[in-house]
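Overview (structure and organization)
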Amino acid sequence: MKIIGLNASPNKTGATFALVNSILEMCAERGADVEMINAAQAVADAKTPFCVCCSTPCSQVCYKGSLLEEAYEKIANAHALIVGSPVYFGSMTAQLKAFFDKTRHIRASKKWIGIPAGALTSGASRYGGQEAAMQAIHNCLLVEGMSIFGPGSQAFDAGHLGVGAQRGADNDDYTKTRCESMAMRALAEAEKYMLTKGI
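Right, let's walk through the structure included here.

Focus: the overall build of the chain
Scanning the chain from terminus to terminus reveals 7 helices and 6 strands. Each helix and strand of the chain, placed in order from N terminus to C terminus, yields the pattern β-α-β-α-α-β-α-α-β-α-β-β-α. Computed over C-alpha atoms, the radius of gyration of the chain comes to 16 Å, within 12% of the 16 Å expected from 2.2 N^0.38 for 199 residues, which places it in the range of a compact globule. Its C-alpha atoms give the chain principal-axis dimensions of roughly 45 × 40 × 25 Å. By the burial criterion, 49% of the 199 residues in the chain qualify as buried.

A few points about helix α3 (residues 67-76)
Every buried residue of α3 is listed here: Leu68, Ala71, Tyr72, Ile75 and Ala76. Buried residues along α3 cover an arc of 140 degrees about the axis, so they all sit on one side. Those residues of α3 that are buried are in contact with β1 (2-7), β2 (33-38), α2 (39-44), β3 (80-86), α4 (94-101) and α5 (104-109). For α3, the N-terminal cap is serine 66; the gap from its side-chain oxygen to the backbone nitrogen of leucine 68 is 3.2 Å.

Here's the deal with unusual backbone geometry
In the segment running from threonine 56 into proline 57, the intervening peptide bond is cis, with an omega of 5 degrees. Checked against the element boundaries, proline 57 lands in the loop between α2 and α3. The backbone of cysteine 53 sits at a positive phi, close to 50 degrees, despite the residue not being glycine. One can find cysteine 53 in the loop between α2 and α3. With a phi angle near 60 degrees, lysine 110 is a residue other than glycine that sits in the positive phi range. Summarising the element assignment, lysine 110 is placed in the loop between α5 and β4 (116-123).

Notes on the pattern of salt bridges
Under the definition given, this model contains 10 salt bridges. Between aspartate 33 and lysine 2 there is a salt bridge whose closest N-O contact spans 3.5 Å. Of this pair, aspartate 33 sits in strand β2 while lysine 2 sits in strand β1, placing them 31 residues apart in sequence. The class for lysine 2 is buried, based on a relative accessible area of 18%. Of the charged contacts in the structure, one is a salt bridge between lysine 97 and aspartate 101, with a shortest N-O distance of 2.7 Å. Taken together, the residues lysine 97 and aspartate 101, both in helix α4 and 4 residues apart, mark about one turn of the helix.

Describing the pairing of β4
Consecutive residues of a regular strand have side chains that alternate between opposite faces of the sheet. Here β4 lies mainly inside the structure; 8 of its 8 residues are buried. As judged from the 6 bridges shared by β3 and β4, these two strands associate in the parallel manner. Bridging across to β4, isoleucine 82 finds its partner in glycine 118. Note that β4 and strand β5 (residues 147-148) share 2 bridges and pair parallel. Bridge pairing in β5 links alanine 117 to isoleucine 148. The pairing of β4 with strand β6 (residues 163-166) spans 4 bridges and is classified as parallel. Within β6, the position partnered with leucine 120 by the bridge is valine 163.

Let's talk about the nonpolar core
Counting residues in each nonpolar core, the largest one holds 35 residues, and the members touching the most others are Leu81, Leu96, Phe99 and Trp112. Those elements that place two or more of their residues in this core are β1, α2, α3, β3, α4, β4 and α6 (130-143). When near neighbours in sequence (up to four residues on either side) are disregarded, tryptophan 112 contacts Tyr72, Ile75, Ala76, Phe99, Phe100, Thr103, Ile106, Glu144, Gly145 and Met146. Listed in part, the 20 residues of the second largest apolar core include Ile3, Ala32, Ala183 and Ala186.

Some remarks on the packing of aromatic side chains
Counting across every chain of the model gives 4 aromatic pairs. Each ring, one from tyrosine 72 and one from phenylalanine 99, has its centre 5.0 Å from the other, and the planes form 70 degrees; the classification is edge-to-face. Pair noted here: tyrosine 72 is in helix α3 and phenylalanine 99 is in helix α4, with a separation of 27 residues, a long-range link. Look at phenylalanine 99 and you get buried, because its relative accessible area is 0%. Judged by centre distance (6.0 Å) and plane angle (90 degrees), the ring pair of phenylalanine 99 and phenylalanine 100 falls under edge-to-face. Note on accessibility: phenylalanine 99 and phenylalanine 100 belong to one class, buried. An aromatic cluster of three or more residues is present, and its members are Tyr63, Tyr72, Phe99, Phe100 and Trp112.

Conventions and cut-offs
Residues numbered from 1 in each chain as written. Predicted model: local features only at pLDDT ≥ 70, side-chain atom pairs only at ≥ 80, totals over all residues. Heavy atoms only, no water. Helix = DSSP H or I, 4+ residues; strand = E, 2+ residues; numbered from the N terminus. Rg over C-alpha atoms; globule rule 2.2 N^0.38 Å. Buried < 20%, exposed > 50% of the residue type's maximum accessible area, 1.4 Å probe, protein only. Arc of directions from axis to C-beta. Contact = heavy atoms within 4.5 Å. Polar contact = N/O pair within 3.5 Å; in protein donor to acceptor, adjacent residues only side chain to side chain. Salt bridge = Lys/Arg side-chain N within 4 Å of Asp/Glu carboxyl O. Pairing = 2+ DSSP bridges. Core = buried A, V, L, I, M, F, W, Y, C linked by side-chain atoms within 4.5 Å. Phe/Tyr/Trp six-rings, centres within 6.5 Å; stacked < 30°, edge-to-face > 60°.

Written as structure tokens, this is what we have:
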């Protein structure tokens, strides 16, 4: 079972990284193969850091042979994805938006359809737009045809959109329980996805 974490923060080791990493560590403790991808680094490695829709259909010419192409392939071969972003002006980071904008070829080839994906966000203040940013991430995941999951209200059940945390509080007890619930959902959803694919 392969679970990918996507850190969309320009800060490679900040609160968003810590949240995504804690979920990945919990999944790894339960036997999953996990890997973290830095979306900002992947986008920066492309020839242009944003999509200019240079061809239709997308020729992928701007990111062939880059970390971005590698990231897209890793997600295509994953069994679950956790996307994390800090809140920038009530939404995801520009780097994450660029990461999704450049997936026109992925969407056309249907490579990510059905892959389970969850979101988490971190804001500077307690009510700093975390759920709005999470919804923006969900919209991109839905455009790709991915299956969205969130953590439950308890250890493992249905309940919430994702993990939303306040920067600096990423290590408090409540946030830890949300991350644990998200990890449990990621594992369960990955297992179901693998069964549907006969893996």
